[in-house]
Amino acid sequence: MSHSESVPQSDSAVHNEPVPHREPPAVQEAASEKLHVRDAPAPGTRRRASSWPLLGSELKQLFRRRRTQAMLLALAAIPVVIAVVVRVSSAVPPGRGPAFLDRISQNGLFVAVTAMLVSVPLFLPLTIGVVAGDTIAGEAGLGTLRYLLVAPAGRVRLLLVKYAGAAVFCLSAPLAVALAGAGIGWALFPVGPVALLSGDLVEPEEALVRMLLIAAYQAVSLLGLSAIGLFLSTLTDVPVGAMAATIVLSVVSQVLDQLPQLEWLHPWLFTHHWFGFADLLRQPIGWDSFGDNALLQAGYIAVFGALAYGRFVSKDVLS
């Protein structure tokens, strides 16, 4: 009588099962660390995710990046360089160099205002372009975008969180310039009552408040550029391309704003009011330019936010 050994069916079934595709462990770890993805809800249940944890995670990741820290340090270095050069050099002839440069040696608080004027045309748009251009394209390039969408956060919520993070940086960037300028100016030069453009004198405390208002004005000015960068970031998986396109558009807009032949176009350019904070240096403060600037930037946010939404909700990120 022969005895034959039989192979258990369960073993053969295991060997015949297809092996599911898995992303590299580094990509999975990066995605889970960014999102803190929880276990999926039970079948038949629906869990509504709050945007605040996702926003907190986004801000944490944004400001922990060495690139972000380096850009903020570079912005803070601008007023430091200006103050040191003025301190070690001879008197600046009136009317030479950026506005208020000749007043720095008389009152150190003008360091912040001068640094703001120097930063607006290139340095601030450069940093905003890098952050906004990396919002969606950066995740797509790393391969973590699909994990962002697997988490209990839809595409619209993710888009809003990404823009909110870029908007926070829009405020942080001019604040870095203003605070560093006030600090180094206070350390290297005498500080006293500040003469406004209207000829009135204000105490240093009120002058500091006005500098913070100028920083807020610049933050509002950069929101439109940030929305443009967000839209461009949805068009590509290469973040460098979106960053470069955003920065180039800011330069082109400023060039167009200087051409008298295109005067009809100037009020519609998102850079048109970038230098309109002079009214904040008058007594009383004029809020018309602030309001016009905010209204213009809101229009760009609405238009390019809608374009980003239309592109992102139809974007294939799972293939």
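Residues numbered from 1 in each chain as written. Predicted model: local features only at pLDDT ≥ 70, side-chain atom pairs only at ≥ 80, totals over all residues. Heavy atoms only, no water.

**A few points about the environment of Gly192**
By the element assignment, Gly192 lies in the loop between α9 (155-188) and β1 (194-195). In this structure, the C-alpha to C-alpha distance between Gly192 and Glu205, residues 13 residues apart in sequence, is 9.6 Å. Sequence-distant contacts of Gly192, that is, excluding residues within four places in its chain, are made with Asn107 and Pro204. (Helix = DSSP H or I, 4+ residues; strand = E, 2+ residues; numbered from the N terminus. Contact = heavy atoms within 4.5 Å.)

**Considering unusual backbone geometry**
Leaving glycine out, the prevailing phi sign among residues is negative, and the prevailing peptide bond configuration is trans. With an omega dihedral of 0 degrees, the bond running from Gln283 to Pro284 counts as a cis peptide bond. With respect to the secondary-structure elements, Pro284 resides in the loop between α12 (239-257) and α13 (288-313).

**A look at helix α4 (residues 66-88)**
Along an α-helix, residues three or four positions apart point the same way, because every turn accommodates 3.6 residues. Between the first and last C-alpha of α4 there are 32 Å, a value that for 23 residues agrees with the 33 Å anticipated at 1.5 Å per step. Along α4, the largest kink reaches about 25 degrees and is centred on Ala77; proline Pro79 follows within four residues of it. Structurally, α4 contributes buried residues whose contacts are with α3 (51-64), α5 (110-119), α6 (123-133) and α9. (Expected span 1.5 Å × (residues − 1). Bend = angle between axes of the 7 residues up to and from the residue.)

**Remarks on the pattern of salt bridges**
Side chains that carry opposite charge are capable of pairing whenever their charged atoms lie near each other. Per the stated rule, a full pass over the model turns up six salt bridges. Across the pair Asp134 and Arg67 runs a salt bridge whose closest N-O atoms are separated by 3.0 Å. Taken as a pair, Asp134 in the loop between α6 and α7 (137-142) and Arg67 in helix α4 lie far apart in primary sequence, 67 residues in all. Classification of Asp134 by relative accessible area gives buried; the value is 10%. Via salt bridges that share partners, Glu58, Glu139 and Lys162 belong to a single interconnected network. (Salt bridge = Lys/Arg side-chain N within 4 Å of Asp/Glu carboxyl O. Buried < 20%, exposed > 50% of the residue type's maximum accessible area, 1.4 Å probe, protein only.)

**So, the confidence of the model for the chain**
Summary statistics for the chain give a mean pLDDT of 85 and a share of 81% for residues scoring 70 or more. Ignoring residues within four places in sequence, the model shows residues 35-47, a span with pLDDT below 50, making 12 contacts including any to other chains. (pLDDT = per-residue confidence, 0-100.)

**A short note on the packing of aromatic side chains**
Taken as a whole and judged by the stated rule, the model has nine aromatic pairs. Plain terms: the ring middles of Phe231 and Phe304 are 6.0 Å apart, the flat faces sit at 55 degrees to each other, and that makes the pair tilted. Of this pair, Phe231 sits in helix α11 (residues 223-233) while Phe304 sits in helix α13; the two residues are 73 residues apart in sequence, bridging distant segments of the chain. Taking 6.0 Å as the distance between ring centres and 65 degrees as the angle between the ring planes, the aromatic pair formed by Phe270 and Trp274 counts as edge-to-face. According to the relative accessible area criterion, Trp274 is buried, its value standing at 1%. One aromatic cluster in this structure is built from Phe231, Phe270, Trp274, Tyr300 and Phe304. For the cation-ring pair, Arg87 lies above Phe189, with the distance from its terminal atom to the ring centre recorded as 6.0 Å. Residue placement shows Arg155 over the ring face of Phe312; its charged tip is 5.8 Å from the ring centre. (Phe/Tyr/Trp six-rings, centres within 6.5 Å; stacked < 30°, edge-to-face > 60°. Lys NZ or Arg CZ within 6 Å of the ring centre and 35° of its normal.)

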